[in-house]
Amino acid sequence: MLLPTTSAMAGLVEAVRITAPSAWRTEAGTLAGETVDRWEDAQEVLGLVAALPVGPAMRCFVPGFGIRVHAAPGGLFEGQVLFEIAFCFSCRWAFLLGAAVTQDIATQAFDTTSAPARELLRRFRESAAAAG
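Thresholds, definitions, all that
- Residues numbered from 1 in each chain as written.
- Predicted model: local features only at pLDDT ≥ 70, side-chain atom pairs only at ≥ 80, totals over all residues.
- Heavy atoms only, no water.
- Helix = DSSP H or I, 4+ residues; strand = E, 2+ residues; numbered from the N terminus.
- Core = buried A, V, L, I, M, F, W, Y, C linked by side-chain atoms within 4.5 Å.
- Buried < 20%, exposed > 50% of the residue type's maximum accessible area, 1.4 Å probe, protein only.
- Pairing = 2+ DSSP bridges.
- Axes fitted to C-alpha atoms, helices over the stretch in contact; angles between N-to-C directions.
- Contact = heavy atoms within 4.5 Å.
- Phe/Tyr/Trp six-rings, centres within 6.5 Å; stacked < 30°, edge-to-face > 60°.

Q: Before we go on, may I ask you to explain the environment of A23 in this structure?
A: With respect to the element layout, A23 can be found in the loop between β1 (10-17) and β2 (34-39). Note: C-alpha distance between A23 and A106 (83 residues apart in sequence) is 18 Å.

Encoded structure:
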């Protein structure tokens, strides 16, 4: 999966459980949902996302999880949200949100059967279960 160029500045990833899939995006254009975990291994997580291969897409787009990517401490954009991604593991679509997201990468289909997708989904489920 293609990521915005700002991904290199990431220092923290929030795992978000989207509680109202039909209202997954706020009026402000950001990801709506509950933060269930904070993953300090931002580059590792983004490595998984970048490794998601292209796959056949369907149509439902009812996302259950997403990530909110924050800039690393000490940089120009310290703590700011760089971009967000909503994932639907049913229809295999990902929607990217944020100022650095270009039109050509804003929507991408991915292979949910791939090892990176299975690992990402495992991490989401584990974080959601721990959050209750």
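Q: Got a minute to help me understand the nonpolar core in this structure?
A: Nonpolar side chains in soluble globular proteins tend to end up buried together. Judged by nonpolar contacts, the single largest core of 31 residues is most densely connected at V49, I67, I85, F87, L120 and F124. Those elements that provide at least two residues to this core are β1, β2, α1 (42-50), β3 (65-71), β4 (81-88), β5 (93-97) and α2 (115-131). Formed by 9 residues, the second largest nonpolar core is a distinct cluster that contains I18, L31, C88 and L97.

Q: Honestly, the pairing of β3 in this entry has me stumped. Any pointers?
A: Residues in a regular strand point their side chains to alternate faces of the sheet. Across the 7 residues that make up β3, a large majority, 7, are buried. Side-chain alternation along β3 places F65, I67, V69 and A71 on one buried face and G66, R68 and H70 on a second face that is also buried. The sheet contact formed by β3 and β4 spans 6 bridges and is antiparallel. Across the sheet, V69 pairs through a bridge with F83, a residue of β4.

Q: Help me out: how do you make sense of the sheet that holds β3 in this one?
A: Paired through their backbone hydrogen bonds, the strands of a sheet run either parallel or antiparallel. With antiparallel pairing, the 6 strands of this open sheet are ordered in space as β2-β1-β3-β4-β5-β6. Looking at strand neighbours, the two that pair on one side only are β2 and β6 (107-109), the edges of this open sheet. The mean inter-strand angle of the sheet, taken between neighbouring strand axes irrespective of direction, is 25°. Contacting β1, β2, β3 and β4, α1 crosses the sheet at an angle of about 65° to β1. Most of the contacts of α2 go to β2, to which it runs at about 115°, and overall it touches β1, β2, β3 and β4.

Q: For this particular structure, what's the right way to read the packing of aromatic side chains?
A: Tallied over the entire structure, the rule returns 10 aromatic pairs. Relative to F124, the ring of F87 lies with its centre 5.9 Å away and its plane at 55°, an arrangement referred to as tilted. Linking F87 in strand β4 with F124 in helix α2, this pair joins segments that are 37 residues apart in sequence. Residues F87 and F124 agree in their burial class; the two are buried.

Q: Please clarify how the pairing of β5 should be interpreted in this entry.
A: Pairing geometry for β4 and β5, over 5 bridges, is antiparallel. Bridging across to β5, I85 finds its partner in L96. Hairpin connection, β4 to β5: the antiparallel pair is bridged by 4 residues, and R92 has positive phi, about 70°. Where β5 meets β6, 3 bridges bridge the pair, whose relative direction is antiparallel. Bridging from a neighbouring strand, F95 pairs with T107 of β6.

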